[in-house]
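Here is how the chains run, residue by residue.
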Amino acid sequence: MISGKTNVCGVIGCPIEHTISPLMHNFYAGETGLDLAYLPFLVQPEQVEAAVRGAFALNIKGLNVTVPHKQEVLPYLAGLDEAAFVIGAVNTLVRTKEGYQGYNTDAAGLHRAMQEEEVTITGRTCILLGAGGAAKAAAYLLAKEGAKKIYVLNRSVEKAQQLAGYIRQTLGYQPIEAGSLAAWRQIDENSCLAVQTTSVGMYPRVDDILIDDPEFYEKLHTAIDIIYTPAETGFMRMAAGAKTMNGLTMLLYQGVAAFELWYPEITLSEELIEKAKQLLIRHLEGQA
Ligand code: ATR
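Looking at the domain arrangement of the protein chain
When its domains are assigned, the protein chain resolves into domain 1 (7-104 + 249-287) and domain 2 (108-246). Inter-centroid distance (C-alpha atoms) of domain 1 to domain 2 is 25 Å. Counting residues at the interface gives 16 residues for domain 1, matched by 16 residues for domain 2. Around 1,500 Å² of area is buried between domain 1 and domain 2 when both sides are counted, 61% of it from carbon and sulfur atoms. Between domain 1 and domain 2 we count 1 salt bridge in total. At the boundary of domain 1 with domain 2, the tally comes to 5 residue pairs in polar contact (both at pLDDT 80 or more). Elements that contribute at least two residues to the side of domain 1 that touches domain 2 include exactly α3 (82-87), α9 (248-262) and α10 (270-287). Here the side of domain 1 that touches domain 2 takes 7 residues from α9, the largest share from any one element. Among the residues forming the side of domain 1 that touches domain 2, the class breakdown is 11 nonpolar, 2 polar and 3 charged.

Here it is as structure tokens:
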């Protein structure tokens, strides 16, 4: 029951109608007995400042931030955590007296998803496909966790070079190289961890594949696609000889991390998180 004491959280984005965050957070609120309502807010790009200031004025406890506002909110925040600062994007705002503190829980979400699947980063040669915002979060994680080497491969080589240079500069992590989507041929290693961060293969264009040469996939020990619709992407199908993962667990754990930032006194149990995952899977299957 919503009352005068109900806390309000939400997600801002444009568009917003496909967000599954309300499903996740309202489920956790219900199961933990918290008096919280989590709502979707459609915010037009020119209204980002008004939305953040308005949310603060309305005593909104926390917000998630999604496309295309993850960078645009930065000037209106009271501070940033290290991940948000380095990645240059936030997905979670936590209310403080001074304003909202910005966090990026995407890298942490990916990390916890990998840990759950017993995927190790430390000492591993990594291939990062793509060089956009999602790739930056993944690059941050791979570098921080001590990958042996990171190859950033992207359609636009210039963007890959920019990302590699940025990680070298900000994290002091040197073994990162950039190349084209064909540069995998120069990688002399057969046990790589690949993270696919582009939107290629996402519903409805489920037959699109970023790299369609089967030889590439022979180099992979683990293949992670951050796409979660469809549940099995073309990239994952081609990588069937390796351990594969889609992006749903990452999405799930970025949500867990956000929820626990808003309610530090609560630790969501593995059982509850698994229930939330099944709820999301059923919801996504219903949409497909
Ligand atoms: P996000 O923030 O979700 O990562 P983005 O910043 O727009 O999104 O980045 C999209 C990534 O997907 C980029 O690496 C982009 O490659 P370019 O830098 O060459 O544009 C990649 N991408 C998108 N569509 C692609 C396609 N059809 N083929 C190859 N790469 C594609």
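Observations regarding the side chain of Thr-198
With respect to the helices and strands, Thr-198 occurs in the loop between β10 (192-196) and α7 (214-217). Judged by its relative accessible area of 17%, Thr-198 is buried. Among the polar contacts listed, one links the side chain of Thr-198 to the side chain of Gln-196, at a separation of 2.6 Å. Dropping the residues within four chain positions of it, Thr-198 is found in contact with Leu-129, Gly-130, Leu-210 and Ile-227.

Overview of empty space enclosed by the protein
Inspection of the entire model under this criterion finds 1 cavity of 30 Å³ or more. The calculated volume of the largest cavity comes to roughly 40 Å³. Forming the boundary of the largest cavity are Gln-196, Val-200, Gly-201, Asp-208, Ile-209, Leu-210, Asp-225, Thr-233 and Phe-235. Of the residues contributing to the lining of the largest cavity, the split by class is 4 nonpolar, 3 polar and 2 charged.

Some remarks on the sheet that holds strand β8 (residues 149-153)
The strands making up a sheet are joined through hydrogen bonds of the backbone, oriented either antiparallel or parallel. The parallel open sheet is built from 6 strands, whose spatial order is β9-β8-β7-β10-β11-β12. This sheet does not close on itself; its edge strands, each paired only once, are β9 (176-179) and β12 (243-245). Pairwise comparison of adjacent strand axes, ignoring direction, gives a mean angle of 15° for this sheet. Summarising the sheet, strand β7 (residues 125-129) and β8 pair through 5 bridges and their orientation is parallel. Along β8, the bridge assignment pairs Leu-128 with Val-152. Across the face of the sheet, helix α5 (residues 133-144) comes into contact with β7, β8 and β10 while running at roughly 170° to β7. Helix α6 (residues 157-171) rests against β7, β8 and β9 of the sheet, and its axis sits at about 170° to β9.

Procedures and definitions
Here the residue numbers are simple positions, counted from 1 along each chain's written sequence. Whole-chain, interface and lining totals are the exception, using all residues; otherwise, since this is a predicted model, local features are given only for residues with pLDDT of at least 70 and side-chain atom pairs are given and counted only at 80 or more. Only hydrogens and water are removed before side-chain values are computed, so all heavy atoms of the structure are retained for them. These domain limits were set by an automatic method or by a database of domain assignments. Whether two residues are in contact is decided by their heavy atoms: any pair within 4.5 Å suffices. Once two parts are brought into contact, the accessible area they lose, counted with a 1.4 Å probe and summed over both, makes up the buried area. Whenever a carboxyl oxygen of Asp or Glu lies within 4 Å of a side-chain nitrogen of Lys or Arg, that contact is scored as a salt bridge. Polar contact is defined as a pair of N or O atoms within 3.5 Å, subject to the rule that within protein one atom must be able to donate a hydrogen and the other to accept it, and that residues adjacent in sequence are counted only when both atoms are side-chain atoms. Only DSSP runs of H or I with at least four residues qualify as helices, and only runs of E with at least two residues qualify as strands; both kinds are numbered from the N terminus onward. Three classes are used: nonpolar for Ala, Val, Leu, Ile, Met, Phe, Trp, Tyr, Cys and Pro, charged for Asp, Glu, Lys and Arg, and polar for all others, with Gly counted as polar. Here's how the labels work: a residue is buried when its accessible area is under 20% of the maximum for its type, exposed when over 50%, partly exposed in between, all with a 1.4 Å probe on protein chains only. Whether a set of points on the 1 Å grid over the protein atoms alone is a cavity depends on a 1.4 Å probe fitting there but being unable to get out, while an open set qualifies as a pocket with protein on both sides within 12 Å along at least five of seven lines; lining residues are those with an atom within 4 Å of a point. Grid points are joined across faces, edges and corners, and a volume is the space filled by probe spheres set on the points. In short, DSSP must find at least two bridges between two strands for them to pair. Note on definitions: angles span 0 to 180 degrees between N-to-C directions of axes, and those axes are lines fitted to C-alpha atoms, for helices only across the stretch in contact.

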